[in-house]
Every structure is written in C-alpha cells, then in structure tokens.
Amino acid sequence: MPTPTHCPYCALQCAMNLTADGPGVTVSGRQFPTNGGGLCRKGWTSAALLASGERITEPMLRGDDGRFSAVSWEEALERVVYAVRRTQARYGKDAVGVFGSGGLTNEKAYQLGKFARVALGSSMIDYNGRFCMSSAAAASNRAFGVDRGLPFPVTDLAQAHTVLLLGSNVADTMPPFVQHLQAAREAGGLIVVDPRTSATAALTADGAGIHVQPAPGTDLVLLLGLAHVVLHEGLADEAYLAARTRGLRGVTRSVNPWWPERVQSVTGVPAGTIRHVARRLAAGARAGTPGAPRGIYILTGRGVEQHVNGTDTATAAINLALLLGLPGSEHGGYGTLTGQGNGQGGREHGQKADQLPGYRKITDPAARAHLAAVWGVPESSIPGPGLPAVQMLEALGQPGGVRCLLVHGSNIAVSAPDAGAVLESLRRLDFLVVSDFFFSETAAEADLVLPVAQWAEEEGTMTNLEGRVLRRRRAVSPPPGARDELWVLAELAARLNAPSAFSSDPREVFEELRLASAGGAADYSGIDYALLEAGDAAYWPYPAGSIGTPRLFRDSFAHPDGKAVLVPVAASAAKPGQEITLVTGRLLEHYQSGAQTRRVPELAAAQPEARLEIHPVTAAALGVADGDLVEIANGRGRIYGRASHTTGIRQDTVFLPFHFPAGESANRLTAAATDPVSGMPEFKTSTVQLRRWEEARVS
C-alpha cells in the first residue's frame, strides 16, 4: 500500500505517495491544495537517496590521524557525553552549543530546543532559519504581533487579480506554486520585482504582468516610492487605516521624501512604472467600489529580506499592504514565502536563540513559568537568550564562545555567510558532532558523525508555508545502523542525567509539544495525530476546542489593542556605484547547500557546476566569453564559476547559485554583516571583482 506523506524539500510541502518497491521506493503525486498533485524535479527524485551507497550507517569517529572509523553507538554516545561534561567543567554551560535546522520535524525541533536548555543548560542554540525567515518574522511580529508566513491558505491566490511578488523566484524554488499565480497572469497582474529575468519574472511576458528590475539592494527605496504614490494620490484605504491600524502619521512622514522620480534615480525603475504599479494595486484594493477587481496580494521572499536592512524592507512591504487595506480583508493580503520544509514550525518551538515553544519570548516571565511547569524544572534553571546564528558561529572556539558544537540538519560549511571564516571557526572547536545521513561538507569537519534517519524513514509533523500542520509518515525502515534524532537526544539526555523526560516516540513528543505551545502565539494544543491522520486541515493557532485558523487577522491583529502597527522605516539615498554586485540564489534542480540534491544523479547531471549569469555587455568589457571559467573575488574569498551570458540580468549585477562547495561556494564571498533587528546576514549584495580564470592563475 502507498504511504501518503509530503516532500522533504521546500515549505510548499507537496503531497506525495511513497511505495516500497523491492530495494527502492517509488514516488507518485498526490492531490493536495498546495501542489494539485504535481511535483517538481526535486520531489520526483526525492526517494533516490534513501538507498544511496553514500549513506552513513555507523557512527564515525575521527582518529588522531584525521581519518574516520566506525564505532558503536554506545561508544559514540559516551564520547559526546564526555565532551559535553569536560567542556562545561572547563568553560561553563554556554561553552556547549547546538545548531538546528528548518528541515527538522516539529517534534525534533521542539526536543532539540528542550535538550539545549534542560539537558545541557545552555543558552547557545540557534538554527539555519536565521539565514532564511528571520527578517520577515521580525517584520511581521512588530506589525501584526505574530508571524505566520502566509496568514491565509495558498489557494486564496486563485482569485487574485494582482500579485506583487518581491524577491522570490518561485518558478524555480517551488514550481507547483506557479499554478496559484495563474489568475493574476490571466488578468495581466503578475508583478515580479527582481534584478534579473528569473524564470518567475519571465512569467510576466506577453501581457501577463510587469517585470520590475531595480538595482540590487534598492527594494526598500522602491517600496517607499510605491507607498508615496498611494498616500499622495489619495489611494490609501482611509477607513481601514482608521479602524484597524496605528502609526499612519509616522509612515506618511517617512515616505514623503520618496517621490517616484527620486526613487528612479536610486533604483533605476522608471517613475512611470512606479506610479502604474501603485495605481494598479490600489484599484484592485478598492473592493467596495462597484466593478473593481478583487484579489490583491503582496508577497515577499528572501531576495528582499536577506540584507542588513531586511527587516525594514519587509516592514515597508507590510506598510504598503496596510495602506491598501489588505491584511485580514476579504479582498487580498500580505504574506511571505517560507523557504525550508519546516521553516515555519522550525522557528516556533524553541530552536531560535530567543524563543521558547509556542512562539514565546524566552525573556517573558509568564512564558518561562509555563515551560518550566511543562518540563518539570525550576524556572530559574532555564537559560536566557543566546546568540543568533552568525554571532554564535563567529565565536566558535574563541574565549567565551562555544567550544563543543552539536549540529543537526544543517550544512553550515556551505550555507553560512563568509563560509571560509565559518570553516576556520569549525576547526577551532574542541569537539564537533554532526548528525547527518551523508558526509556533508560540515560532517567532513566533525570529530564525530552520527548517522540518522531520512525523511521517509521517520514519523512526525511539519508545518508548511501556510501554517498548516501536516503528517510525515514512515514508508521504509532506515538502515540498521541509523537512528532517529529523537532517540539520539533521549539517549544523550539520560546519560547527562537531564532533569526532565525525553521521549524517542514522536507521538509522545508531540503531546508534550501541544502542552508546551498551549496559550502561545503558535498554539498547537488542539491538534493531535488522530486529527491529522483523518486529513483535517489544521492551521495554527489551533487552541484546544477550536477548529483552527486558516485565515488570520479577520477580526483583529495580535497586538493588545487589536490593531496592526505601521512602522516607519528609512532608506539611504545613495545611488549604486560602478561596482559589480553578486546576487545569490537557488536553481530549480538543487536545494539549499546541495548536500542532498548534488547526490541525485539526474539533478547533478542537469546542473553539475556553478554557472555565473552575466550580461553580455559586462562580459565583453572583461573579455569573458560565454562558457569561460571566471574568477569571482572580494576581500573574503576567491571562487570560480562558468560564465553564462544572458540579457536577462542587469549590467551591474551577476548571479551565482549557492548550492556548491569549496571553490564554487558563493557564500565564501557573502558578508557576515547582519540586520540589527533579526540577525539576518547580508546574502544578496556582495561587491565582487571578475576576471577570466586563466588570467587569475597567471597573476
């Protein structure tokens, strides 16, 4: 019998069936609202790695000679316990840290956070979602009082007349999502903001919409310009603003300097285009007007958020949506497109440095008291907030920093900013433990690698980009030597004499998660496995006794007064210089650091190397022919990529995917500078120098 489950990759969490077929597993599509039965190339090939010959099936310990050899689980666990105790005895509790992932199930994310704070007594836990959703989350929290990627079902987009999509290439990153944009395309209303003609931007061709091509890093100015037009042409929804928001005066002042012609001088976007986009959005937002088109949505992605001003940019997008009266209305909304498979659930239940389960703040006395009661520990024993990911990684092996690190589900040697410096940090550690199913680039740096189960070999729950909780079901057994991470954490907790219960049963862990989340912003207390098994749609918040919340903000926002907050933000008037800006992103065939997809033969064959998208005019000035190997360099590093000429990118911009390691690792060039509110690194605007690889070798 087929096992119904969901894809292991992006937050769309497309439904699929898995059928065990001898030594292999067959994937087939399954009808579900997010994907309509379809899958992308990654989804169709997702089972290829379950029986991969590259699987790690025994704990692997690095010897004095630097080579790995297999050890028993008993020895491996004792090695971890010894390293933890020795490190904490010498340097204190916070000298042991944990780095998690937005790909872990809700149960594992919850137990990992509890393990760090209760079994280790450490505040030092964060996760790779800090590189993904943190700016959008910070902006939503301060505007709405709560953060859920899409506060409405994705199927609501089927009635959209206009969709403004900023910084997201969904046609490559989550292809089944494109079907939800069809109505907007048919109405000529798909507006894509991207400095390059991505596969998504190409969907605007032939009258389907508008491709807006600002200079990299100027999205904030563009959004302020759109808001300026809405306010100064009298297009704002005044009744909505008066009844449902506060802060209008400050936002009005903040956008006053950004008239369209000035915005054009900074962004390169024509003033006429700015006015046209603002007017189209406003015309559709006036749903009360007879004959007015309905369905206006503003959606953001990492392209506008992965900046040192990412929180402010996401805030500007939210401000625009509020000026138009969209959030919580019947005629549109605002949302942000979560990236990782459990990027939503992964940030709700305790992996984040400043959060406790249920999306509670770790500094909130009531939240701490609630979790202390659930865990059966004194409130005073729960550590305070730790360091966000970038700062924690920078401090590895340094005085006062983490000396022993446990990594779960993340390949930070490739995915973190300034990846060369991160490698140096990992090598400074006294002991590095990596739980993985392959020798990722991070696992290759470890002192101990623990083999764990893959997605189709485990039970649990995931929360997709809509805030919908889904069942992940076990279809096949893991290799005999691999263990589920819940088991690993439970065994380590027992050996560390942790003062609370740690179960290896995902159902038991979920029952505790329900209690832990009860009353929090992300309340799962009314959800159980039986409800999910029955196929019920479970959107959080789902308090016990309720039917869940598919659409947030219909009656009020999550601030005490029920109103949304318009937050003024400021932008620099500096115009882009003559430098070449490197923009990073994803390819259709690969996912995140590529640790999995680069091992799928079909996907690796389609995209075997990093290709540098460059405008022919820029390439000609540098003497770079199509197909040449190019050195891309700055003060942080020097890598190479294969030149690919395209007129679909600005002449001041080049694009490189970040899925590749070592000499092709784009993140060796990105900066560890972070957004002061969210801790998000600056991934999208790195100044680089280019030259043909042959010339670089000679010099």
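Structure shown above.
From a predicted model like this one, the values you see are computed outputs, not experimental measurements.

Enquirer: Explain the sheet that holds strand 2 (residues 15-21) here, please?
Expert: Pairing between the strands of a sheet is mediated by backbone hydrogen bonds and can be parallel or antiparallel. Taken together, the three strands give an open sheet; going across it, the order is 1-2-3, and neighbouring strands pair in antiparallel fashion. Bordering the open sheet on either side are strand 1 (3-6) and strand 3 (24-29), each of which pairs with just one other strand. Taking each pair of neighbouring strands and ignoring which way they run, the sheet shows an average axis angle of 40°. The pairing of strand 1 with strand 2 spans four bridges and is classified as antiparallel. In the strand pairing of strand 2, threonine 5 is matched with methionine 16.

Enquirer: Even after reading the chapter, I still don't get the pattern of salt bridges, so can you show me in this structure?
Expert: Side-chain pairs of opposite charge can arise whenever the charged atoms involved come near each other. This structure, assessed with the given rule, holds 37 salt bridges. With its nearest N and O atoms 2.9 Å apart, the salt bridge here joins aspartate 126 to arginine 130. Side by side, aspartate 126 and arginine 130 carry an identical accessibility label, which is buried. In this structure, arginine 347 engages aspartate 147 in a salt bridge whose closest nitrogen and oxygen atoms are separated by 2.6 Å. Pair noted here: arginine 347 is in the loop between helix 14 (343-346) and strand 14 (355-356) and aspartate 147 is in the loop between helix 4 (134-144) and strand 8 (162-166), with a separation of 200 residues, a long-range link. Relative accessible area serves as the criterion here: at 0%, arginine 347 is assigned to the buried category.

Enquirer: For this particular structure, what's the right way to read the packing of helix 4 against helix 13 (residues 310-323)?
Expert: For any two helices packed against each other, one specifies the inter-axial angle together with the distance between the axes. At their nearest, the axes of helix 4 and helix 13 sit 8 Å apart, and the two run at 45° to each other. Considered as vectors, helix 4 and helix 13 are oriented oblique to each other. Judged by the twist between their axes, the crossing of helix 4 over helix 13 is right-handed. Along its contact with helix 4, which presents Ser135, Ala136, Ala138, Ala139, Ser140, Arg142, Ala143 and Phe144, the element helix 13 presents Gly310, Thr311, Asp312, Ala314, Thr315, Ile318 and Leu322. Residue classes in the contact of helix 4 with helix 13 are distributed as eight nonpolar, five polar and two charged.

Enquirer: Explain the pairing of strand 18 (residues 448-451) here, please?
Expert: Consecutive residues of a regular strand have side chains that alternate between opposite faces of the sheet. Here strand 18 shows a buried face lined by Leu448 and Leu450 and a second buried face lined by Val449 and Pro451. Across two bridges, strand 4 (residues 60-62) lies against strand 18 in antiparallel orientation. By the bridge assignment, methionine 60 is partnered in strand 18 with valine 449. Summarising the sheet, strand 17 (residues 431-436) and strand 18 pair through four bridges and their orientation is parallel. Of the residues in strand 18, the one forming a bridge with valine 433 is leucine 448.

Enquirer: What's the story with the packing of aromatic side chains in this structure? I'm lost.
Expert: Aromatic rings considered in pairs are described by the distance between their centres and by the relative angle of their planes. Tallied over the entire structure, the rule returns 14 aromatic pairs. Where tryptophan 73 meets tryptophan 487, the ring centres are 5.3 Å apart and the plane angle is 90°; that geometry is what we call edge-to-face. In this pair, tryptophan 73 sits in helix 2 (residues 73-91) while tryptophan 487 sits in helix 19 (residues 485-495), placing the two residues 414 residues apart along the sequence. Given the relative accessible area of 24%, tryptophan 487 is considered partly exposed. For the pair phenylalanine 510 and tyrosine 529, a centre-to-centre distance of 5.4 Å together with 55° between the ring planes defines the contact as tilted. Of this pair, phenylalanine 510 sits in helix 20 (residues 506-517) while tyrosine 529 sits in helix 21 (residues 529-533), placing them 19 residues apart in sequence.

Enquirer: Can you help me understand the nonpolar core in this one?
Expert: Judged by nonpolar contacts, the single largest core of 112 residues is most densely connected at Phe115, Phe144, Leu164, Ile298, Leu320 and Ile527. Of the residues forming this core, the biggest block, nine residues, is contributed by helix 7 (residues 219-232). Within the second largest apolar cluster, 39 residues are counted, among which are Cys7, Val178, Leu190 and Leu465.

Enquirer: Explanation requested: the sheet that holds strand 12 (residues 296-300) in the structure shown.
Expert: The sheet built from five strands is open, its strands ordered 10-9-8-12-13 with parallel pairing. With one partner strand each, in any of the chains shown, strand 10 (209-212) and strand 13 (332-336) form the two edges of the open sheet. Here the strands of the sheet are splayed against their neighbours by 10° on average, with no regard to which way each runs. Bridge analysis of strand 12 against strand 13 gives five bridges, and the strand direction is parallel.

Enquirer: What is the right way to read the side chain of serine 122 from this model?
Expert: Turning to its location among the elements, serine 122 is positioned in the loop between helix 3 (106-119) and strand 7 (125-127). Here serine 122 falls in the buried class, since its relative accessible area comes to 1%. From its side chain, serine 122 meets the backbone oxygen of valine 96 in a polar contact 2.7 Å long. Every residue in contact with serine 122, bar those within four places of it in the chain, is listed here: Lys93, Asp94, Val96, Ala116, Arg117 and Pro383.

Enquirer: It is not clear to me how the state of the cysteines should be interpreted in this structure. Could you clarify?
Expert: What we call a disulfide is simply a covalent bond connecting the sulfur atoms of a pair of cysteines. Counted by the stated rule, this structure contains zero disulfides. Take cysteine 7: it sits in no disulfide, and the sulfur closest to it among the cysteines is that of cysteine 40, at 6.0 Å. Among the residues examined, cysteine 7 registers a relative accessible area of 7% and is labelled buried. We note that cysteine 14 lacks a disulfide partner, and the nearest cysteine sulfur, in cysteine 10, lies 5.7 Å from it.

Enquirer: For this particular structure, what's the right way to read helix 9 (residues 248-255)?
Expert: For an α-helix the count is 3.6 residues per turn, leaving residues at separations of three or four pointing the same way. Every buried residue belonging to helix 9 is among Gly250, Val251, Ser254 and Val255, and all of these are buried. End-on view of helix 9: buried residues confined to an arc of 125°, all on one side of the axis. Structural note: helix 9 exposes Arg249 and Arg253 on the side pointing more than 90 degrees away from its buried face. On its buried side, helix 9 packs onto helix 7 and helix 13.

Enquirer: I tried to follow the environment of valine 81 on my own but got confused; where do I start?
Expert: Here valine 81 is to be found in helix 2. Judged by its relative accessible area of 3%, valine 81 falls in the buried class. Apart from the residues lying within four places of it in its own chain, the contact partners of valine 81 are Leu492, Arg495 and Leu496.

Calculation rules
Residues numbered from 1 in each chain as written. Predicted model: local features only at pLDDT ≥ 70, side-chain atom pairs only at ≥ 80, totals over all residues. Heavy atoms only, no water. Pairing = 2+ DSSP bridges. Helix = DSSP H or I, 4+ residues; strand = E, 2+ residues; numbered from the N terminus. Axes fitted to C-alpha atoms, helices over the stretch in contact; angles between N-to-C directions. Salt bridge = Lys/Arg side-chain N within 4 Å of Asp/Glu carboxyl O. Buried < 20%, exposed > 50% of the residue type's maximum accessible area, 1.4 Å probe, protein only. Parallel < 35°, antiparallel > 145°, perpendicular 65-115°, else oblique. Left-handed = near helix turned anticlockwise from the far one by under 90°. Contact = heavy atoms within 4.5 Å. Nonpolar A, V, L, I, M, F, W, Y, C, P; charged D, E, K, R; others polar. Phe/Tyr/Trp six-rings, centres within 6.5 Å; stacked < 30°, edge-to-face > 60°. Core = buried A, V, L, I, M, F, W, Y, C linked by side-chain atoms within 4.5 Å. Polar contact = N/O pair within 3.5 Å; in protein donor to acceptor, adjacent residues only side chain to side chain. Disulfide = S-S within 2.5 Å. Arc of directions from axis to C-beta.

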